[in-house]
Amino acid sequence: MSVAAKSVAITADTMIAMRGVNKWYGTYQVLTDINLAVRASEKIVLCGPSGSGKSTLIRCINALESYQKGEIVVDGVHLGSQGKAVDAVRREVGMVFQQFNLFPHMTVLENCTLAPIRSRGIPRPAAEETARRLLDRVKILNQADKYPAQLSGGQQQRAAIARALCMEPKVMLFDEPTSALDPEMVKEVLDTMIGLATDGMTMICVTHEMGFARQVADRVIFMAEGRIVEEAEPEIFFKAPQHERTKKFLGEILPHH
Amino acid sequence: MDKNQFLFLLSGLKWTLALSAIGFALGSVAGLGVALARTSGRRWLERGAAAYIALFQGTPLLMQLFVVYYGLALAGLKLDPWVSVSIGFTLHAGAFLGEIWRGSIEAVPRGQVEAAKALSLGYLDRMKDVVLPQAIRISLPATIGFLVQLIKGTSLAAIIGFTELMRAGTIVSNQNFKPLLVLGLVCALYFALCWPLSLYGAWLERRLVTAAR
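Only a predicted model underlies this, so the values are computations on that prediction, with no experimental measurement involved.

Basis of the calculations
- Residues numbered from 1 in each chain as written.
- Chains lettered and ligands numbered in written order.
- Predicted model: local features only at pLDDT ≥ 70, side-chain atom pairs only at ≥ 80, totals over all residues.
- Heavy atoms only, no water.
- 1 Å grid on protein atoms, 1.4 Å probe; cavity = no way out; pocket = protein on both sides within 12 Å on 5 of 7 lines; lining within 4 Å.
- Points joined across faces, edges and corners; volume = space filled by probe spheres on them.
- Helix = DSSP H or I, 4+ residues; strand = E, 2+ residues; numbered from the N terminus.
- Nonpolar A, V, L, I, M, F, W, Y, C, P; charged D, E, K, R; others polar.
- Pairing = 2+ DSSP bridges.
- Axes fitted to C-alpha atoms, helices over the stretch in contact; angles between N-to-C directions.
- Contact = heavy atoms within 4.5 Å.
- Expected span 1.5 Å × (residues − 1).
- Buried < 20%, exposed > 50% of the residue type's maximum accessible area, 1.4 Å probe, protein only.
- Buried area = accessible area lost by both parts, 1.4 Å probe.
- Salt bridge = Lys/Arg side-chain N within 4 Å of Asp/Glu carboxyl O.

**Points about empty space enclosed by the protein**
Part 1: Tallied over the entire structure, the rule returns one cavity of 30 Å³ or more.
Part 2: Size it by volume and the largest cavity reaches roughly 80 Å³.
Part 3: For the largest cavity, the full set of lining residues is R90(A), V93(A), G94(A), M95(A), F100(A), A160(A), R163(A), A164(A), M167(A), A118(B) and L119(B).
Part 4: Listing elements by their share of the lining of the largest cavity, those giving two or more residues are β6 (93-96) and α5 (153-165) of chain A.
Part 5: Residues belonging to the lining of the largest cavity are distributed by class as follows: eight nonpolar, one polar and two charged.

**Focus: the sheet that holds strand β7 (residues 171-175) of chain A**
All names here are of chain A.
Part 1: Reading across the sheet, the six strands line up as β6-β7-β8-β3-β9-β10 and stay open at both edges, with mixed pairing between neighbours. The open sheet terminates on both sides in strands that have one partner only, identified here as β6 and β10 (227-232). Strand-to-strand, the axes of this sheet are offset by a mean angle of 20°, without reference to chain direction.
Part 2: Sheet topology places β6 next to β7; four bridges connect them, and they run parallel. Within the sheet, the bridge partner assigned to G94 lies in β7 and is M172.
Part 3: Across the sheet, helix α6 (residues 183-198) is in contact with β3 (43-47), β7 and β8 (202-206); its angle to β8 comes to roughly 150°.
Part 4: Its contacts with the sheet put helix α9 (residues 244-253) on β3, β9 (219-224) and β10, and the angle it makes with β9 is roughly 100°.

**Here we look at helix α3 (residues 108-119) of chain A**
Part 1: Relative to the 16 Å expected for twelve residues at 1.5 Å per residue, α3(A) spans 18 Å between its end C-alpha atoms, a close match to the ideal helical length.
Part 2: In terms of residue burial, α3(A) counts as a mostly covered element, since ten of its twelve residues are buried.
Part 3: Residues of α3(A) that are buried: V108(A), L109(A), N111(A), C112(A), T113(A), L114(A), A115(A), P116(A), I117(A) and S119(A).
Part 4: Where α3(A) is buried, its residues meet α2 (83-92), α4 (124-137) and α5 of chain A together with α6 (123-153) of chain B.
Part 5: Positive backbone phi, at 70°, marks G121(A), one or two positions downstream of α3(A).

**A few points about the interface of chain B and chain A**
Part 1: In this assembly, 16 residues from chain B lie in contact with 22 residues from chain A.
Part 2: Taken together, the two surfaces of chain B and chain A that pack against each other cover about 1600 Å², and 60% of this comes from carbon and sulfur.
Part 3: Looking at the side of chain B facing chain A, the largest losses of area belong to A118(B), L119(B) and S120(B), adding up to 35% of the total buried there.
Part 4: Counting residues per element, the side of chain B that touches chain A draws most heavily on helix α5 (residues 110-118) of chain B, at seven residues.

**Quick word on the pattern of salt bridges**
Residues and elements named next belong to chain A.
Part 1: By the definition in use, this model includes 24 salt bridges over all chains.
Part 2: In this structure, E71 and R19 form a salt bridge, with 2.2 Å as the shortest nitrogen-oxygen distance. Linking E71 in strand β4 (residues 69-74) with R19 in strand β1 (residues 14-25), this pair joins segments that are 52 residues apart in sequence.
Part 3: Look at R19 and you get partly exposed, because its relative accessible area is 28%.

Here it is in structure tokens:
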């Protein structure tokens, strides 16, 4: 089905291309020679031990992190140092964080309409209509006028997903979206993400939810020590991992057969 | 103490209030600028703001008033006493409020700024809609604490001849030779201004702590 993008060839439907991306914190190298191409509506699951650089990698895509070497192109826009390119990319790339990061002094609805009004210049009534439609889609429309602190963790994360969707992004980045949740709330967030995947959203998910990876990923990418070690379709990735590090990692996180 | 002397004290109180209000209002504008410069991530702005804060936090308020009042006059800049005293208090309040608000801006969790950036909100929108509303809440107890200091600090303007509450008290007690009564009354007036503010600040702080739980 999907082709491992060894050479990162750019085709017409390439949504994200990373070529030779390297990043250092001082002398410590966090990303080494990252090459990755993601096609429109492709779903990627990124996994790996903590400190392997997977969060840093996706945070480079919307310029929350800088990188020192290499190139990132998102939907045809070269993510250079100029602010305009950064703004353009961020308008098209939504992000969901581990800690939700909802704005606590605004209602859920205000959280959802702020960026469309300020950044896309959408009139408030239209922004609110979109927000209500998307809150309905993540099944928390009845919470629209509450403040984040009044919601459960799972509801907050679904509100955060709706907030990102209100910008009508072409790509969604998920940075360990279920890691801060109580176990009984993981499913409602994963179901929301599965729904999004079914609708054809381009997604890169940093997650350890391997059931989710099996179900929706086109490719699973395994990282360790800042490098992409292995990438494969989920079937192959879980049944026949090639590298020792991958086998060891899967042995640690998967229930033993 | 006769009625006229009491009314004279009240007119002094009026100038104390006016000076505090001007110092606080203009100082807030200056302080906001300083706090934003201090958190801008631009090295020169940050250093400039830090130097300004260090200078005004590290020297006595009385000295600052002297320099603005006499120093500028010696330098050939003849200013109305009102204007020079207002400039003095504005610069003073700007430094302290700037430092209080810098701390509050930095106390807003990093994830808030990151979420705003990820939503492609620009710097002004991030500050205005996301960071400052949260920072102001965090800063309220300390800000009110500084306002109390500022109100009491306006008494130093008496030394350069500005007839606020403190100087009005000195004048009256020199007339009626009842310093204990007059200055006691002056103290009571300051206390009546400052104590409710302190109580309000403490109440806000308790409410913030419970809200954070």
